[in-house]
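Spelled out, the chains give:
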Amino acid sequence: MSDFNFDVFEKDKKKPRPRFSHSFTGNESIRAAIAALDEANKLKSARYFAVTPDDKPFPATLSQYRQTHEKAPAPFQVFDRNAKRMQRDRAASRMQDSREVDYLRDEVAARVADRLLDIKRRYHTVVEIGAGCGHLAKYVDDDMMDRLVMYEMAKVPLERDAGKGYQVDVQRHQGDEETLEFEPESVDAVVSSLSMHWVNDLPGMLIRIRKALVPDGVFIGAMIGGDSLFELRTSLQLADLDRDGGIAARVSPLTNTRDVGSLLNRAGLTLSTIDIDNIVVNYPSMLHLVSDINAMGEGNAVVQRLSLIKRDTLLAASAIYKEMHGNEDGSVPATFQIIYMIGWKPDPSQPQPLPRGSGEVSLGNMFDSTSHKL
């Protein structure tokens, strides 16, 4: 972009007053003009505007410039959130089929409830992120909390079991997990069960969760881990190579266990705890597994996904699956790796590490008197 001259004016109630004239290049003009005025610390709240030689006004308030030029970049979009919402709505609309495949979500929700119960505390408000059809609500009672808020982006699963009674007061709220809508320090605990693996901006979501928690509030999450469905993944990759000469994005990318701790720390959550469970479910064939995954609303939602899979590729993958991973009774296993995580919002009442070098007892002496020096 070529150089051009312009005048920067400070607008007041009476008349615009020119501040200075200079020559800059392209976007550097607004940046330099605002930087000069900001550095002078004069009337930062006023509205500044530039007039080019063509007498075309160029708005350049400090707030406008920072919003358009200095905002953080948007997170990389791996998943199509709108497609995932439609998948969940479509799956939950088939109520009978949807209830028949609740087994995995119910099992994980029960284990999340056990971890919540291990914390000897009674909560006023607990929010479940990605609540689905209300799986956690089946395993909590009024001894644990006063109110459970089910937060789900898809309306149909949120309302599927609306007429069912629970042992706690249940409130339903439709909203996207990536843009949580809670007041700061308004929630005692936040839980998430098998929903985080479809979130594009995990660090941003965890930061918003931390802000919504009261001091010393807890976050408990369970998400699908990176080793999940390795049998299905390898079978589809080999079938694609054999039939099409390449590999397609058939299975969603998943988070590795070693990255979860970094995510919690980046979000400002402390005293983190991470553990893993492997849940193995046996199916009559790979086709039954794929059918159940779709009935759960867990179909592929990667932005660059293929819209279909050829029949011979699918049959080849089923044969490879049975040959490589099949059980002796003819069934095939599917492994679901579940990563559980616990993080706390910082609070002065929490245990703090002692200063470095403050130890007074040798670690070797704690074991026996004959230990060697460490």
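Relevant structure appears above.
What you see as residue numbers is a count from 1 along each chain, following the sequence as written. For this predicted model, a pLDDT threshold of at least 70 governs which residues receive local features, and a threshold of 80 or more governs which side-chain atom pairs are given and counted, while totals over whole chains, interfaces and linings are taken from all residues. To obtain the side-chain values, all non-hydrogen atoms of the structure were used and water was disregarded.

Peer 1: Hey, could you run me through the overall build of the chain in this one?
Peer 2: Helix and strand labels come from DSSP, where a helix needs a run of H or I of at least four residues and a strand needs a run of E of at least two; each type is numbered from the N terminus. Secondary structure assignment for the chain yields 12 helices and 11 strands. For every residue, the accessible area obtained with a 1.4 Å probe (protein chains only) is divided by the maximum for its type, and the residue is called buried under 20%, exposed over 50%, and partly exposed between those limits. Going through the 374 residues of the chain one by one, you find that 45% of them count as buried. Residues are treated as being in contact if the distance between any of their heavy atoms lies within 4.5 Å. Long-range pairs, those at least 24 residues apart, make up 73% of the contacts in the chain between residues at least 6 apart in sequence. By element, 52% of the accessible surface of the chain is carried by carbon and sulfur atoms, the whole surface being about 20,600 Å². Each accessible area value is a Shrake-Rupley result obtained with a 1.4 Å probe; residue values ignore everything except the protein chains displayed when judging cover.

Peer 1: What should I look at first to understand the pattern of salt bridges in this one?
Peer 2: In a structure, side chains of opposite charge can pair up when their charged atoms sit close to one another. Any Lys or Arg side-chain nitrogen located within 4 Å of an Asp or Glu carboxyl oxygen qualifies as a salt bridge. Going through the model one piece at a time under the given rule, you end up with 22 salt bridges. Residues E177 and R81 are paired through a salt bridge, measuring 2.6 Å at the closest nitrogen-oxygen approach. Taken together, the residues span a long stretch of sequence, with E177 in the loop between β7 (169-174) and β8 (187-193) and R81 in helix α3 (residues 81-93) at a distance of 96 residues. Per residue, the accessibility class of E177 equals that of R81, and both read buried. The partner of R85 in a salt bridge is D89, with the nearest N and O atoms 3.7 Å apart. One end of the pair, R85, and the other, D89, are both in helix α3, 4 residues apart, so they sit about a helical turn from each other. Owing to a relative accessible area of 16%, D89 belongs among the buried residues under this scheme. When salt bridges that share partners are traced, they join R81, R88, E152, D176, E177 and E178 into one network.

Peer 1: What's the story with the packing of aromatic side chains in this structure? I'm lost.
Peer 2: Each pair of aromatic rings is reported with the distance of its centres and the angle of its planes. Two rings from Phe, Tyr or Trp (for Trp, the six-membered ring) form a pair when their centres are within 6.5 Å of each other. A pair whose planes differ by under 30 degrees is stacked, one over 60 is edge-to-face, and the rest are tilted. Using the criterion set out here, one finds 2 aromatic pairs in the structure. Relative to W198, the ring of F79 has its centre 5.3 Å away and its plane inclined at 80°; by these criteria the two rings are edge-to-face. Of this pair, F79 sits in the loop between α2 (62-69) and α3 while W198 sits in the loop between β8 and α7 (202-212); the two residues are 119 residues apart in sequence, bridging distant segments of the chain. In this structure, F79 and W198 share a single accessibility class: buried. Taking the centre distance of 5.3 Å and the plane angle of 45° together, the rings of Y151 and F182 count as tilted. Here Y151 is found in strand β6 (residues 145-152), whereas its partner F182 is found in the loop between β7 and β8, with 31 residues between them in sequence. Of the residues examined, F182 reaches a relative accessible area of 27% and is grouped as partly exposed. Against the face of W198 rests K84, its NZ or CZ located 3.8 Å from the ring centre. For a Lys NZ or an Arg CZ to count as sitting over a ring, it must be within 6 Å of the ring centre and within 35 degrees of the ring normal. The ring centre of Y340 lies 3.8 Å from the NZ or CZ of R115, which sits over that ring.

Peer 1: What is the right way to look at the nonpolar core in this model?
Peer 2: Core analysis: the largest hydrophobic core is formed by 50 residues, its most contacted members being V108, M145, L289, F336 and I338. The dominant element in this core, judged by the number of residues it contributes, is strand β11 (residues 332-344), at 7 residues. With sequence-adjacent residues up to four places away left out, F336 is seen in contact with L104, S228, L229, D277, N278, I279, V281, Y283 and L289. Definition of nonpolar core: a set of buried residues of the types Ala, Val, Leu, Ile, Met, Phe, Trp, Tyr and Cys, connected through side-chain atoms within 4.5 Å. Core analysis: the second largest hydrophobic core is formed by 23 residues, V127, Y151, M205 and A267 among them.

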